[in-house]
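Given next are the chains, with one letter for each unit.
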Amino acid sequence: MVRTLIIVGGQWGDEGKGKIIDALMEKADAVVRCTGGNNAGHTVVVDDTTYKFHLIPSGITHEGKLNIISNGTVIDPDVLCSEIETLEKSGFTITDEKLIISSTAHTILEKHKKEDNPTTNAHSKKIGTTGRGIGPAYCDKINRSGVRIGEFVQGSSDSAKKLKPLIKDTATIVNGLIDNGKTVLFEGAQATLLDIDHGTYPYVTSSNPSAGGILTGSGVGPTKIDSVVGVFKAYITRVGGGPFATELGTDEQTKSEESASQLKEKRSSEEYEKEFTSLIAAANTDDEYAQGRLLRMQGYEYGTTTNRPRRTGWFDIVAAKYAAMINGLSSMVITKLDVLSNFKEVKLCVAYEIDGKKVTDFPLDIAQLEKAKPIYESMPGWDDDITSAKSFAELPKNAQNYLKKLEELCGIPISIVSVGPARDQTIVLDGKTLL
Ligand code: GDP
Ligand code: IMO
Ligand code: MG
């Protein structure tokens, strides 16, 4: 029986971790957010309401569950307070029965945010950081010159006063829950390929968002974890700089597109219908940029935190196998399968070509990765709208075959397939219940 489950991002983030945590939360007692800060943006859709969480764990809308922000995180006190206030305005009561914060998490200070400003700091711009002060805050932590949040709340600011009652020794509490047989989810933020050690350095975040970092980041030993699940989109996206072997179109083309709000406005117009129809036609030729744009538009691929258009590409098996190894994955969750509709052909990158040689291991040398050209295996796609499918059997045959191929090539089973942002658009495969 699985009682402790790590949910980790398998790609470059935004795989739908928030949605999956929320969908699993009904069967859990507590959820722990272990790494990163408000560089994360986790979307949870409950009926007609969309919540975007940056620091608060994605279980917060469920009644009677404990949400924990643990020691591995970096906290911007004002951002956390405003997240709490937004929830309070929506009718939630936030007390230490619902949300607790580790006293040993570190504080993002004004100076950290000033330093990590992509418009004034060339390094932040090159990496494409979220500009939230994440890197500088972790630098101070590692340099032993940071301010722990337990220390910060001793101050007299409004945010210090608001957060103080929520500050606890979370590692002892989490271990106590586990020892008492409670079900605990560990909510990954960022993702494996953004890991400071295992990701595409230097184009990474400043923490260890993979399974190992989740343990250190929560104070839970490896023998207490029953299962580790990786969340992957049915394709792949990246926001920020860095190599991306299966990218469709260029970063510059993506950046030159309309903003998320402009697209939202356009979406209901007749002009959009026409543009969309011709985009589908173009995406079914060898126009790679059109394929990437179709993924971006159908998947609404705009950053939850920064609103930036996300770079898009075909699923990368080489990178997924690497993520499976680094995290010791028990199974995969495949999200956004619905976004692949309207492609006559879908592609999987099964190897890279680097300097004329076929490579199947994910290169750790960034210069090698920058040269990697994808070697694809193509499969027939599907036109059907699959957003109301309730089982594997209800998916079109070609979608079923795509999932089977993913399992076969990655060498790990798929446990859940997501076909839309809502809770009930979550298909748990037969015999693969996670909790
Ligand atoms: P996270 O950072 O991993 O939690 O992911 P984000 O919330 O940043 O981005 C995922 C986006 O995809 C959000 O807008 C979700 O509402 C949405 N989403 C999640 N699962 C699905 C799915 O299966 N299909 C579609 N169409 N959207 C999904
Ligand atoms: P969730 O949890 C996608 C990326 C940034 C940038 C790099 C470094 O929503 O999946 P940072 O501000 O962390 O120093 O930026 O990491 N990044 C993310 N990309 N999803 C995230 O979180 C991310 N958090 C950081 O875009 O490339
Ligand atoms: Mg996100």
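Residues numbered from 1 in each chain as written. Chains lettered and ligands numbered in written order. Predicted model: local features only at pLDDT ≥ 70, side-chain atom pairs only at ≥ 80, totals over all residues. Heavy atoms only, no water.

1. What about the site of ligand 1?
Reasoning step 1: Surrounding ligand 1, one finds 18 residues, the nearest of these being Lys 17, Gly 41, Thr 43, Asp 338 and Ser 418.
Reasoning step 2: For ligand 1, an oxygen atom lies 3.0 Å from a polar atom in the side chain of Asp 14.
Reasoning step 3: A distance of 3.1 Å is found between an oxygen atom of ligand 1 and a backbone nitrogen or oxygen belonging to Glu 15.
Reasoning step 4: Relative to its free-state accessible area of 590 Å², ligand 1 is covered by the protein chains to the extent of 92%.
Reasoning step 5: Broken down by element, the shell around ligand 1 gets its largest block of residues, three residues, from helix H1 (residues 17-25).
Reasoning step 6: Here the residues of the shell around ligand 1 are counted per class, giving three nonpolar, eight polar and seven charged. (Near = heavy atom within 4 Å. Polar contact = N/O pair within 3.5 Å; in protein donor to acceptor, adjacent residues only side chain to side chain. Areas by Shrake-Rupley, 256 points an atom, 1.4 Å probe, with all protein chains shown as cover. Helix = DSSP H or I, 4+ residues; strand = E, 2+ residues; numbered from the N terminus. Nonpolar A, V, L, I, M, F, W, Y, C, P; charged D, E, K, R; others polar.)

2. Observations concerning the side chain of His 42
Reasoning step 1: Within the fold, His 42 resides in strand E3 (residues 42-46).
Reasoning step 2: A distance of 2.6 Å separates the side chain of His 42 from the side chain of Glu 187, its partner in a polar contact.

3. Details of the packing of aromatic side chains
Reasoning step 1: Applying the stated criterion across every chain, the model contains 10 aromatic pairs.
Reasoning step 2: On the basis of an interplanar angle of 10° and a centroid distance of 5.7 Å, the ring pair of Tyr 51 and Phe 53 is categorised as stacked.
Reasoning step 3: The class for Tyr 51 is buried, based on a relative accessible area of 15%.
Reasoning step 4: Residue class for Phe 53 comes out buried when judged on its relative accessible area of 4%.
Reasoning step 5: With a centroid separation of 5.7 Å and 15° between ring planes, the pair formed by Tyr 272 and Phe 276 is classed as stacked. Pair noted here: Tyr 272 and Phe 276 are both in helix H12 (residues 270-283), with a separation of four residues, about one helical turn. Side by side, Tyr 272 and Phe 276 carry an identical accessibility label, which is buried. (Phe/Tyr/Trp six-rings, centres within 6.5 Å; stacked < 30°, edge-to-face > 60°. Buried < 20%, exposed > 50% of the residue type's maximum accessible area, 1.4 Å probe, protein only.)

4. Re empty space enclosed by the protein
Reasoning step 1: Taken as a whole and assessed by the stated rule, the structure comprises one cavity of 30 Å³ or more.
Reasoning step 2: By volume, the largest cavity amounts to about 30 Å³. (1 Å grid on protein atoms, 1.4 Å probe; cavity = no way out; pocket = protein on both sides within 12 Å on 5 of 7 lines; lining within 4 Å. Points joined across faces, edges and corners; volume = space filled by probe spheres on them.)

5. What to know about the coordination of the magnesium ion (ligand 3)
Reasoning step 1: Protein-derived ligands of the magnesium ion (ligand 3) are Asp 14 (OD) and Gly 41 (O), with the metal-ligand distances lying across 2.1 to 2.2 Å. Of this pair, Asp 14 sits in the loop between strand E1 (4-9) and H1 while Gly 41 sits in the loop between strand E2 (30-33) and E3; the two residues are 27 residues apart in sequence, bridging distant segments of the chain. (Donors = N, O, S within 2.8 Å, 3.2 Å for Na, K, Ca; no water.)

6. Some words on the pairing of E3
Reasoning step 1: With respect to burial, E3 is a largely interior element, four of its five residues being buried.
Reasoning step 2: In terms of strand pairing, E3 meets strand E4 (residues 49-53) through five bridges, oriented antiparallel. Considered in E4, the bridge of Val 45 is made with Thr 50.
Reasoning step 3: Taken together, E3 and the strand that follows it, E4, pair antiparallel across an intervening segment of two residues, in which Asp 47 is found at a positive phi of about 50°. (Pairing = 2+ DSSP bridges.)

7. Quick look at the domain arrangement of the chain
Reasoning step 1: Structurally, the chain comprises domain 1 (4-233) and domain 2 (251-312).
Reasoning step 2: Each of domain 1 and domain 2 has a C-alpha centre, and these two points are 30 Å apart.
Reasoning step 3: Each partner contributes residues to the interface: domain 1 has 14 residues there, and domain 2 has six residues.
Reasoning step 4: Interface of domain 1 and domain 2: buried area, both sides summed, is about 670 Å²; carbon and sulfur atoms make up 44% of it.
Reasoning step 5: For the pair domain 1 and domain 2, the interface holds two salt bridges.
Reasoning step 6: Inspection of the domain 1/domain 2 interface yields three residue pairs in polar contact (both at pLDDT 80 or more). (Domains from an automatic or database assignment. Contact = heavy atoms within 4.5 Å. Buried area = accessible area lost by both parts, 1.4 Å probe. Salt bridge = Lys/Arg side-chain N within 4 Å of Asp/Glu carboxyl O.)

8. Considerations on the site of ligand 2
Reasoning step 1: In the neighbourhood of ligand 2, 20 residues make up the surrounding shell, with Lys 17, His 42, Thr 130, Gln 190 and Thr 205 lying closest.
Reasoning step 2: Between ligand 2 and Gln 190 there is a distance of 2.8 Å, counted from an oxygen atom to a backbone nitrogen or oxygen.
Reasoning step 3: At 3.0 Å, a side-chain N or O of Arg 308 approaches an oxygen atom of ligand 2.
Reasoning step 4: With the chains in place, 98% of the 550 Å² that ligand 2 exposes on its own is no longer accessible.
Reasoning step 5: A class-by-class count of the residues in the shell around ligand 2 yields seven nonpolar, 10 polar and three charged.

9. A closer look at the pattern of salt bridges
It is possible for side chains bearing opposite charge to pair when their charged atoms get close.
Reasoning step 1: Applying the stated criterion to the full structure yields 24 salt bridges.
Reasoning step 2: Linking Asp 179 and Lys 224 is a salt bridge whose minimum nitrogen-to-oxygen distance equals 3.2 Å. Taken together, the positions of Asp 179 in helix H8 (residues 170-179) and Lys 224 in the loop between helix H9 (211-216) and strand E11 (227-233) put the pair 45 residues apart, joining distant regions of the chain.
Reasoning step 3: A relative accessible area of 25% places Lys 224 in the partly exposed class.
Reasoning step 4: Arg 310 serves as the salt-bridge partner of Glu 301, at 2.6 Å between the closest nitrogen and oxygen. With respect to class, Glu 301 is no different from Arg 310; both count as buried.
Reasoning step 5: The structure contains a network of salt bridges with shared partners spanning Glu 257, Glu 258, Lys 266, Glu 275, Arg 293 and Arg 296.

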